[in-house]
Number of protein chains: 4
Amino acid sequence: MGKTRLEAFSDGVIAIIITIMVLELKVPHGTDFESLTPLLPVFLSYVLSFVHIGIYWNNHHHMVHTVKQVTAGILWANLHLLFWLSLLPFATGWMGENHFAALPTALYGFVLLMAGLAYFILQKCIIASQGAGSILAKAIGRDIKGKFTVMLYITAMLSAIFLPWVAVFIYSFVALIWLVPDKRIEVLFAE
Amino acid sequence: MGKTRLEAFSDGVIAIIITIMVLELKVPHGTDFESLTPLLPVFLSYVLSFVHIGIYWNNHHHMVHTVKQVTAGILWANLHLLFWLSLLPFATGWMGENHFAALPTALYGFVLLMAGLAYFILQKCIIASQGAGSILAKAIGRDIKGKFTVMLYITAMLSAIFLPWVAVFIYSFVALIWLVPDKRIEVLFAE
Amino acid sequence: MGKTRLEAFSDGVIAIIITIMVLELKVPHGTDFESLTPLLPVFLSYVLSFVHIGIYWNNHHHMVHTVKQVTAGILWANLHLLFWLSLLPFATGWMGENHFAALPTALYGFVLLMAGLAYFILQKCIIASQGAGSILAKAIGRDIKGKFTVMLYITAMLSAIFLPWVAVFIYSFVALIWLVPDKRIEVLFAE
Amino acid sequence: MGKTRLEAFSDGVIAIIITIMVLELKVPHGTDFESLTPLLPVFLSYVLSFVHIGIYWNNHHHMVHTVKQVTAGILWANLHLLFWLSLLPFATGWMGENHFAALPTALYGFVLLMAGLAYFILQKCIIASQGAGSILAKAIGRDIKGKFTVMLYITAMLSAIFLPWVAVFIYSFVALIWLVPDKRIEVLFAE
């Protein structure tokens, strides 16, 4: 089984996830600025999730590029990742519509955390399929950035209970460190 | 007619089906754990359907891979399969929102059964197009796993009327036997 | 400009159209057979539209396959066709939810008619781009089936005002004559 | 990183955006002409946005075709463009449902303006990646049409506050000048 269709299917699912999130931005009835105000947190959540999904798509692309043989393990690890990403529109909508309330903001972090772990598992499956001297294993190294992200997600989830905005700040910070070109950040954290 | 566009179109439809199911997970108004509770059966239904669609996509991929020439029969048998899969979000939503009530749970099994039969018909069309010495025919053999699945679906539908949770258990069991790598299970049932 | 991306984009749009139509099948609140009854006409409309979109996808595929050079005309004629097809979910929903009332049933025919004309225009653009000795022109001949279909749509629209079910019968008949393998039907109508 | 997956992902997102816009055309409850009347502005907005997205897809296609190497900058500039395009269904729905009221019509122009700027940034990124002697840079020249469009959008946004229909006229005019084959219009504006 080649990777073309795995990529095509993942692209399709990610494209749909990134787009249906916007459906949570319900068209308001009024026509003044006040009718847009309650949509602001929904919009901010949308931006945050859009960037996260964009990062996943980008990294997924690079990672799958190194795949030689699509095993059953890779296939299901990939579907597992898509499953958690598919819950992001729900978590985004709940967090946004409730103006970053405690539990919705924590759940948002939980979905991100699970997606992060699913990504980690997919990574492990691909490395396992490539055997010793895996290109992906070399590129990732000790994966300090990945481990740091998981720690940040857990910190954010816990702080969401008391200080939801701190959690939102951490989610944004995670997006930022993944947006900035990879190499230098990795060095930064490795030191 | 090549198979590339058949694959691309099927991937597109399956990607959309697997993703729009999540729209049934309506964002609740409350922000506490209690407001999530009624969503639990909807979520479980979603997981069950996600796995089923994932299995179909996986198997569809392998099966279409053996196609040499896309005939009109294969094309319509494929659309027929996509039709029944497209009804799964509706059946999933009805079952989940009604907390696995009798009729919705039976209908869920009916849609799975029809999708299974549609898959079987597509399989027959592909084998017919490949003539004697078909690769697919050899790979499938007596298709004991397929026939066993149909029997399980019918059992589940009937039991759904009296014991819906037994039906849900059987649906999950079917997902499980298809998730586990093919070969060994086939041998298991063949014995 | 190659045709690969034209095909990919059309496949994407058609896959989404065929799938979002199912969203009109709203999950009912009851759990008995009676709660499904009002959905029956919606379901029948869905089946009818699914088959129509399937036919369009199939024929579109064959037609675009003959394209050598994608001109601006072909590109916009293609988007024009996708535009009318994109209105089919709306027309399907309106007809189905109103149990094949007069005006919705006539509008359904109007959307099909416009899609048919858009397909005809796309066909003309492709033939024009291929110049004398066009493969497509030869394959289509005098296009008696196409012209007959347009006549059937107009007849159906008119009869929908007084006898909506006759219109629905004609729409189903059109689907049938396009489902049956092309060549023989063409000969049948040509005689 | 090749451009194939960038194109595929963009095609997917654009195909979904162009199609989910039609979901704003909510199926009316009545079955007479009067029940369709309030949908007319929603429909007109849909047509306007459909054409705009069609133009973006078309131009995006041609522009990405000249890409040799997909840099991180191009990738994120592309996602940035898709982000603004993904807000068009919301802006279209708000403008249409409020019958071209002042603020919604101005916001519609704002989203178009931001998409236009995002397109401009993507263009700059691609030119930068191609270095001196860039094919794209030559094809675009001084980009008078692009700059003129930005000016038109700003004019439309301002006029939307007092005369929304003038804004709608300008949006339609912009669509028209991009629909008409490129070369000749460019010469027209250059003179």
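Placed above this text is the structure.
Presented here is an overview of the structure given in this document.

Here is what the cut-offs are and how they apply
Residues numbered from 1 in each chain as written. Chains lettered and ligands numbered in written order. Predicted model: local features only at pLDDT ≥ 70, side-chain atom pairs only at ≥ 80, totals over all residues. Helix = DSSP H or I, 4+ residues; strand = E, 2+ residues; numbered from the N terminus. Rg over C-alpha atoms; globule rule 2.2 N^0.38 Å. Buried ≥ 20, exposed ≤ 12 C-beta atoms within 10 Å, placed from the backbone. Contact = placed C-beta atoms within 7 Å. Core = buried A, V, L, I, M, F, W, Y, C linked by C-beta atoms within 7 Å. Nonpolar A, V, L, I, M, F, W, Y, C, P; charged D, E, K, R; others polar. Least-squares fit on C-alpha atoms with pLDDT ≥ 70 in both. Expected span 1.5 Å × (residues − 1).

Some details on the overall build of chain A
And step 1. Looking only at helices and strands, chain A has 10 helices and 0 strands in total.
And step 2. Written out in order from the N terminus, the α and β elements of chain A read α-α-α-α-α-α-α-α-α-α.
And step 3. For chain A, whose C-alpha radius of gyration is 18 Å, the value lies close to the compact-globule estimate of 16 Å for 191 residues.
And step 4. On the principal axes, the C-alpha backbone points of chain A span a range of 60 × 40 × 25 Å.
And step 5. Counting all 191 residues of chain A, 44% fall into the buried class.
And step 6. If you take every contact in chain A between residues at least 6 apart in sequence, the share linking residues at least 24 apart comes to 77%.

Some thoughts on the nonpolar core
And step 1. In this structure, Leu85 of chain A, Leu85 of chain B, Leu85 of chain C together with Leu85 of chain D are the most contacted members of the largest nonpolar core, which totals 216 residues.
And step 2. Apart from the residues lying within four places of it in its own chain, the contact partners of Leu85 of chain D are Ile14, Ile17, Ile53, Tyr56 and Ala115 of chain D.

Remarks on unusual backbone geometry
And step 1. The phi dihedral of Phe100 of chain A falls on the positive side, at around 60°, and the residue is not glycine.
And step 2. For His99 of chain B, which is not a glycine, the phi torsion comes out positive at approximately 50°.
And step 3. Along the chain, His99 of chain B turns up in the loop between helix H5 (88-97) and helix H6 (102-130).

Remarks on the interface of chain B and chain C
And step 1. Every contact between the two is made by 24 residues of chain B and, on the other side, 23 residues of chain C.
And step 2. Listed by contribution, the elements that provide at least two residues to the side of chain B that touches chain C are helix H1 (4-20), helix H4 (72-86), H5 and H6 of chain B.
And step 3. With 8 residues, the single largest contributor to the side of chain B that touches chain C is H1 of chain B.
And step 4. Among the residues making up the side of chain B that touches chain C, the classes are represented as 18 nonpolar, 4 polar and 2 charged.

Considerations on the interface of chain A and chain B
A common way to express how large an interface is: the accessible area buried when the components associate.
And step 1. Contacts between the two partners involve 24 residues from chain A, matched on the other side by 23 residues from chain B.
And step 2. Among the secondary structure elements, those contributing two or more residues to the side of chain A that touches chain B are helix H1 (4-20), helix H4 (72-86), helix H5 (88-97) and helix H6 (102-130) of chain A.
And step 3. By residue number, the principal contributor to the side of chain A that touches chain B is H1 of chain A, which donates 8 residues.

With respect to the relation of the copies chain A and chain B
And step 1. For these two chains of identical sequence, chain A goes onto chain B by a turn of 90° and a shift of 0.0 Å along the axis, with RMSD 0.0 Å. Such a combination of turn and shift is consistent with a four-fold rotation axis. For chain A, the residue whose C-alpha comes nearest the rotation axis is Gly12 of chain A, separated from it by 4.4 Å.
And step 2. Of the residues that chain A buries at the interface, just 12% are likewise interface residues in chain B, meaning the two copies contact each other through different surfaces.

A word on the relation of the copies chain B and chain C
And step 1. Between chain B and chain C, which share one sequence, the superposing operator has a rotation angle of 90° and an axial displacement of 0.0 Å; the RMSD is 0.0 Å.
And step 2. Both copies present different contact surfaces, since only 12% of the interface residues of chain B are interface residues in chain C too.

Digging into H1 of chain B
And step 1. Spanning 17 residues, H1 of chain B covers 24 Å between terminal C-alpha atoms, matching the ideal 24 Å at 1.5 Å per step.
And step 2. Within H1 of chain B, 14 of the 17 residues are buried, which leaves the element mostly enclosed by the surrounding structure.

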